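Letter by letter, the chains look like this.
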Amino acid sequence: MEGSGPTVPAGSSSPPGAAGFSPAGAAAGSGSAEAVAGSGSAEAVAGSGSAGAVAGSGSAALAGVRVVELATLFAGPLATAFLGDFGADVVKVEHPAKPDPSRGHGPAKDGIGLWWKVLGRNKRTVTANLSDPAGAEVLRRLVADADVLVENFRPGTLERWGIGPAELHAVNPRLVIARISGFGQFGPYARRPGFGTLAEAMSGFAAATGEPDGPPTLPPFGLADSVTALATAYAVMLALRARDVTGAGQVVDLAIIEPIMAMLGPQITWYDQLGYIQPRLGNRSNNNAPRNTYRCADGRWVAVSTSAQSIAERVLRLVGRPELVDEPWFGSGSGRAAHADVLDDAVGSWVAARNRDEVVAAFEEAQAAVAPIYDVPDILADPQYTALGTAVSVPDPDLGPVRMQNVPFRMSATPGRIRHTGRAHGQDTDEVLTALGFSAEEVAELRAGGAI
């Protein structure tokens, strides 16, 4: 974008109607549980007794926090979804002619993308062409009364359009700006296109994942993006807390190649101190054994973990090999890992002679650690997930009731909730712009000119 519209000087009042988030009172702008998340009662929340609302609870934790999302695909949109789950009023800005590609990702029903229904939950959707001066002015009006902006343009793009952090902080010095990119805002790779797959490759994840004699293995889902989304939500909360002390916003720089690396354990320290590079081990661990997946007599599978010495001893006694517990090498995780072939044979042969339910029941009775390997139908039928309310049914105007994952944790006093599924492209544009002070004539002119 060349040029910029009028801005609000630092410390001045917002432009007319800048409380453009106020119509979300029904979404997240009000302090009351009824306005923020429907009703405080479990019955009014999708999935009563679930990870979301608790009967008689108060406001959602982030009620009143206003978030502008300028992000596509997964890391940024998932980060704002996490914030929206707990009451933040998220306004997602998309290009008028080029919607977020996640709307078309993955399987669809009747031409309606299902992934978007999950990823776009709890957000209002508006359109603005940010490379157009008039569209950029819409953004300035949005951020004038916002708390957080999340963007994942390639570094330098917002600056080229005249809406980089310096310009946005001139409008609102309290704004927290989270910038997500493949490689960060500086360095030799900063301007390269970056995706989660590249982070999974460069972080060490792929090199350490897969069978010993097989190729490096990538996950079949957006692992690096998802980890970055959690890191972004965490970073935003830290920045908001710092703003409570300093009164000022700041820029948060997130490179997708970094958060996943933090999840991979002490691989850098191992190499630095020992020259050790973790090899591919399949489902085994170099820290303990038995640790693997085992096929049952009915063709189903279980996973066994023995990170604790006491658990390892119980497992071997359960499978009829107590003599192995007395071996000198059995007393440490690394010793057991060095004898994984022996231990896998002992456990695997025992498991293979029994069906899965019998295996799980025997492990539970012995207080040993086992889990059935589930697919989605198993998850939806599992009584523990049912008790937690892990999956909820959310009304959708296109599809009717839609089941999806609930909010990821429970808060006793300020619960989260999925208020609605992903909305249509630009569905809330007129409402949001009207609240920002644009007249009906101005909205029509912006739309005719392609700015929205």
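Everything numeric in this text was worked out from a predicted model, so none of it was measured.

S.K.: It is not clear to me how the side chain of Arg336 should be interpreted in this structure. Could you clarify?
M.R.: By secondary structure assignment, the location of Arg336 is in helix H13 (residues 333-338). Of the side chains with opposite charge, Glu313 lies nearest to the buried Arg336, which makes no salt bridge, at 7.1 Å. Setting aside residues no more than four positions away along its own chain, Arg336 makes contact with Asn288, Ala289, Thr306, Ser307, Ala308, Gln309, Ala312, Trp329, Phe330 and Leu343.

S.K.: Any chance you could explain the sheet that holds strand S10 (residues 301-304) here in plain terms?
M.R.: Note: strands within a sheet are paired through backbone hydrogen bonds, in either parallel or antiparallel orientation. Spatial strand order, S9-S10-S11: 3 strands in an open sheet with antiparallel pairing. Each of the sheet's edge strands pairs with one partner strand only, and the pair in question is strand S9 (292-295) and strand S11 (370-372). In this sheet, neighbouring strand axes are inclined to one another by 30° on average, regardless of whether the strands run parallel or antiparallel. Where S9 meets S10, 4 bridges bridge the pair, whose relative direction is antiparallel. Bridge pairing links Thr293 to Ala303 in S10. Across the sheet, helix H14 (residues 340-352) is in contact with S9 and S10; its angle to S9 comes to roughly 35°. Against the sheet, helix H15 (residues 356-365) touches S10 and S11, its axis set at about 25° to S10.

S.K.: How should I be thinking about the packing of aromatic side chains in this particular structure?
M.R.: Going through the model one piece at a time under the given rule, you end up with 7 aromatic pairs. Taken together, a centroid distance of 5.2 Å and an interplanar angle of 80° make the contact between Phe153 and Trp161 edge-to-face. What makes Trp161 buried here is its relative accessible area of 14%. It is Arg103 that lies over the ring of Trp116; its NZ or CZ is 4.0 Å from the centre. The ring of Tyr189 carries the charged tip of Arg192 above its face, separated from the ring centre by 3.8 Å.

S.K.: Would you take a moment to explain the nonpolar core for this structure?
M.R.: What tends to happen in soluble globular proteins is that the nonpolar side chains get buried as a cluster. Core analysis: the biggest nonpolar cluster contains 45 residues, and Val67, Leu83, Ala88, Val148 and Val252 have the highest contact counts within it. When residues of this core are traced back to their parent elements, those giving at least two are helix H2 (75-85), strand S6 (148-151), strand S7 (176-181), helix H9 (223-246), strand S8 (251-255), strand S12 (391-396) and strand S13 (400-405). At 9 residues, the largest contribution of residues to this core is made by H9. In this view, Val252 contacts Val176, Ile177, Ala178, Arg179, Ala235 and Ala239; residues no more than four positions away in its chain are not counted. The next biggest cluster of nonpolar side chains, apart from the first, holds 30 residues, and it includes Leu70, Ala146, Ile177 and Val443.

S.K.: Explanation requested: the environment of Ala337 in the structure shown.
M.R.: Within the secondary structure, Ala337 sits in helix H13. In this structure, the C-alpha to C-alpha distance between Ala337 and Ser285, residues 52 residues apart in sequence, is 6.9 Å. Residue contacts for Ala337: discarding those within four places in its chain leaves Ser285, Asn286, Asn287, Asn288 and Ala289.

S.K.: Help me out: how do you make sense of helix H4 (residues 133-143) in this one?
M.R.: Since the α-helix turns once every 3.6 residues, residues separated by three or four places project in the same direction. With 9 of 11 residues buried, H4 is to be regarded as a mostly interior element. Buried within H4 are the following residues: Gly135, Ala136, Glu137, Val138, Leu139, Arg140, Arg141, Leu142 and Val143. Along its buried surface, H4 packs onto strand S1 (66-70), strand S2 (89-94), S6, helix H6 (165-171), helix H18 (429-435) and helix H19 (440-448). Two or three places before Ala134, at the opening of H4, Asp132 has a side-chain oxygen 2.7 Å from that residue's backbone nitrogen.

S.K.: For this particular structure, what's the right way to read the pattern of salt bridges?
M.R.: A side chain with one charge can pair with a side chain of the opposite charge if their charged atoms come near. Counting across every chain of the model gives 26 salt bridges. The salt bridge involving Asp357 is made with Arg300; its shortest N-O contact spans 3.6 Å. A residue pair is termed long-range when its members are at least 10 positions apart, and Asp357 in helix H15 and Arg300 in the loop between S9 and S10 qualify at 57 residues. Classification of Arg300 as partly exposed rests on a relative accessible area of 32%. One salt bridge in this structure joins Glu323 and Arg321, with 2.5 Å as the shortest N-O distance. Overall, the relative accessible area of 37% leaves Glu323 in the partly exposed class.

S.K.: What exactly am I supposed to notice about the side chain of Glu200 here?
M.R.: Counting through the fold element by element, Glu200 comes out in helix H7 (residues 196-202). Salt bridges are absent for the buried Glu200, whose nearest opposite-charge side chain, Arg280, sits at 14 Å. Ignoring anything within four residues of it in the chain, the contact list for Glu200 reads Phe205, Ala206, Leu218, Pro219, Phe221, Gly222, Leu223, Ala224 and Ile260.

S.K.: How do you make sense of the sheet that holds strand S5 (residues 123-127) when you look at a structure like this?
M.R.: Read across the sheet, 6 strands follow the order S5-S2-S1-S6-S7-S8 without closing on themselves; strand pairing throughout is parallel. Each end of this open sheet is capped by a strand with a single partner; those strands are S5 and S8. Pairwise comparison of adjacent strand axes, ignoring direction, gives a mean angle of 20° for this sheet. The pairing of S6 with S7 spans 4 bridges and is parallel. Considered in S7, the bridge of Glu151 is made with Arg179. In this fold H2 packs onto S1, S2, S5, S6 and S7, with an angle of close to 165° to the strand it touches most, S1. Packing against the sheet, H4 makes contact with S1, S2 and S6, and its axis sits at approximately 155° to S1.

S.K.: Help me out: how do you make sense of unusual backbone geometry in this one?
M.R.: As a rule of thumb, non-glycine residues mostly have phi less than zero, and peptide bonds are mostly trans rather than cis. With an omega of 0°, the peptide bond running from Ala289 to Pro290 counts as cis. By the element assignment, Pro290 lies in the loop between helix H11 (267-274) and S9. Of note, the phi angle at Leu73 is positive, near 60°, even though the residue is not glycine. Considering the arrangement of structural elements, one finds Leu73 in the loop between S1 and H2. Notably, Asn122 is not glycine yet its phi reads approximately 60°, a positive angle. Relative to the assigned elements, Asn122 resides in the loop between helix H3 (114-119) and S5. What makes Asn122 buried here is its relative accessible area of 2%.

Basis of the calculations
Within every chain, residues take consecutive numbers counted from 1 along the sequence as written. Local features are withheld for residues below a pLDDT of 70 in this predicted model, meaning they are given only at 70 or higher, and side-chain atom pairs are given and counted only at 80 or more; totals for whole chains, interfaces and linings count all residues. As a rule here, side-chain values come from all non-hydrogen atoms in the structure, and water together with hydrogens is ignored. In DSSP terms, a helix is any run of H or I states spanning at least four residues, a strand is any run of E spanning at least two, and both are numbered starting from the N terminus. Under the scheme applied here, a residue whose accessible area is under 20% of the maximum for its type counts as buried, over 50% as exposed, and between as partly exposed, the area being computed with a 1.4 Å probe on protein chains only. Only four residue types enter the charge count, namely Lys and Arg as positive and Asp and Glu as negative; His and the chain termini do not. In what follows, salt bridge is the name for a side-chain nitrogen of Lys or Arg lying within 4 Å of a carboxyl oxygen of Asp or Glu. Contacts are assigned to residue pairs with any non-hydrogen atoms lying within 4.5 Å of each other. Criterion used throughout: strands pair if DSSP finds at least two bridges between them. Simply put, an axis is a line fit to the C-alpha atoms, just over the touching stretch for a helix, and the angle between two N-to-C directions goes from 0 to 180 degrees. Note on aromatic pairs: the rings of Phe, Tyr and Trp (six-membered ring only in Trp) are paired at centre separations within 6.5 Å, and the planes decide the class, stacked below 30 degrees, edge-to-face beyond 60, tilted for the rest. Here, a charge over a ring means that NZ of Lys or CZ of Arg falls within 6 Å of the ring centre while also lying within 35 degrees of the ring normal. Residues belong to one nonpolar core when they are buried, are Ala, Val, Leu, Ile, Met, Phe, Trp, Tyr or Cys, and are joined through side-chain atoms within 4.5 Å. What qualifies as a polar contact is a pair of N or O atoms within 3.5 Å, subject to a donor-acceptor requirement within protein and to the restriction that residues adjacent in sequence count only when both atoms come from side chains.

These figures come from the coordinates and say nothing about function on their own.
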